[in-house]
Amino acid sequence: MKISLNWINDYVDLSGVDLKDLINKFTLSTAEVEDMYEVGKDVQGIIVAKVVSCQNHPNSNHLHLLKVDTGSGIVDCVCGAKNVREGMLVAFAPVGSKVVGGDIKEAVVAGYTSQGMCCSKQELGLEEKSDGIWEIEDNVTLGTDLKSVYQIEDTIFEVDNKSLTN
């Protein structure tokens, strides 16, 4: 079973608690913590942006050519997500930002320049598998850093289920 430290913090104030001490106490009193890992720490510079234009790529049956409003200007983006559409708010990785897979650089994709990437929760390390880009449904100002709105950074404990069920 996986347990989020952010989730625990919703119920118990853990400020000032040493993480290693917490894991040790959890293991001694409840169940063995088999693994612990941090998510979202390597994700940097992701912002809320709006898809203002979405056209099918002329030479591809799955790519889209987007114009994305970052709050400080309009950039071009090539996107292969099935759920992308004009008007949606997205998690956007502009050039110079970082996602789980690495640094975002300007690139030519299928003959068109892409100045960033619309991100899925998987690319931000928030899900193991995503079906499309993350649609932001909250009313968030364009250009806002995603980490200032959502808890992307977290520590996950993997707990031995067998101890809890027995």
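Located above this text is the structure these notes cover.
Cut-offs used in this document
Residues take numbers from 1 onward in each chain, read along the sequence in its written order. Predicted model: local features are reported for residues with pLDDT of at least 70 only, side-chain atom pairs are reported and counted for 80 or more only, and whole-chain, interface and lining totals are derived from all residues. Computation of side-chain values covers all heavy atoms of the structure but excludes hydrogens and water. Secondary structure counts use DSSP, requiring at least four H or I residues in a row for a helix and at least two E residues in a row for a strand, with both numbered from the N terminus. Three labels apply to residues, based on accessible area from a 1.4 Å probe with only protein chains included: buried if under 20% of the type maximum, exposed if over 50%, partly exposed otherwise in between. Polar contact is the term for a pair of N or O atoms within 3.5 Å; when the atoms are in protein, one must be able to donate a hydrogen and the other to accept it, and sequence-neighboring residues count only if both atoms are side-chain atoms. Residues are treated as being in contact if the distance between any of their heavy atoms lies within 4.5 Å. Side-chain atoms within 4.5 Å are what join buried Ala, Val, Leu, Ile, Met, Phe, Trp, Tyr and Cys residues into a set we call a nonpolar core. By definition, a salt bridge exists where a carboxyl oxygen of Asp or Glu is found within 4 Å of a side-chain nitrogen of Lys or Arg.

Novice: Mind showing me how you'd approach the side chain of S114 here?
Specialist: Inspection of the secondary structure assignment puts S114 in strand β10 (residues 112–114). Classification of S114 by relative accessible area gives buried; the value is 4%. Here V78 takes part through its backbone nitrogen, which lies 3.0 Å from a polar atom of the side chain of S114. In this structure the side chain of S114 is engaged in a polar contact, spanning 2.9 Å, whose partner is the backbone oxygen of G116. Once residues within four sequence positions are removed from consideration, S114 is found in contact with D76, C77, V78, K105, E106, A107 and V109.

Novice: Where do I start with the nonpolar core in this structure?
Specialist: As a rule of thumb, nonpolar side chains are buried together in soluble globular proteins. Ranked by internal contacts, the top residues of the largest apolar core, which has 16 residues, are I46, L124 and L146. Per element, the largest residue contribution to this core is three residues, and it comes from strand β6 (residues 89–94). Aside from chain neighbours lying at most four places away, what touches I46 is A91, F92, A93, S97, K98, V99, L124, T144, D145 and L146. Counting residues in hydrophobic clusters, the runner-up holds 15 residues, among them L66, C77, C79 and V90.

Novice: Just to check I follow, could you spell out the pattern of salt bridges for this structure?
Specialist: Oppositely charged side chains are able to pair whenever their charged atoms sit close together. What the rule picks out here adds up to four salt bridges. As a salt-bridge pair, K67 and D76 come within 2.6 Å of each other at their nearest N and O atoms. Judged by its relative accessible area of 38%, K67 falls in the partly exposed class. D76 sits in the partly exposed class, given a relative accessible area of 28%. Put simply, R85 and E135 hold a salt bridge, and the shortest N to O gap is 2.5 Å. Taken as a pair, R85 in the loop between β5 (74–79) and β6 and E135 in strand β12 (residues 135–136) lie far apart in primary sequence, 50 residues in all. What makes E135 partly exposed here is its relative accessible area of 27%. Residues joined by salt bridges that share partners form a network here, namely K41, K147 and E153.

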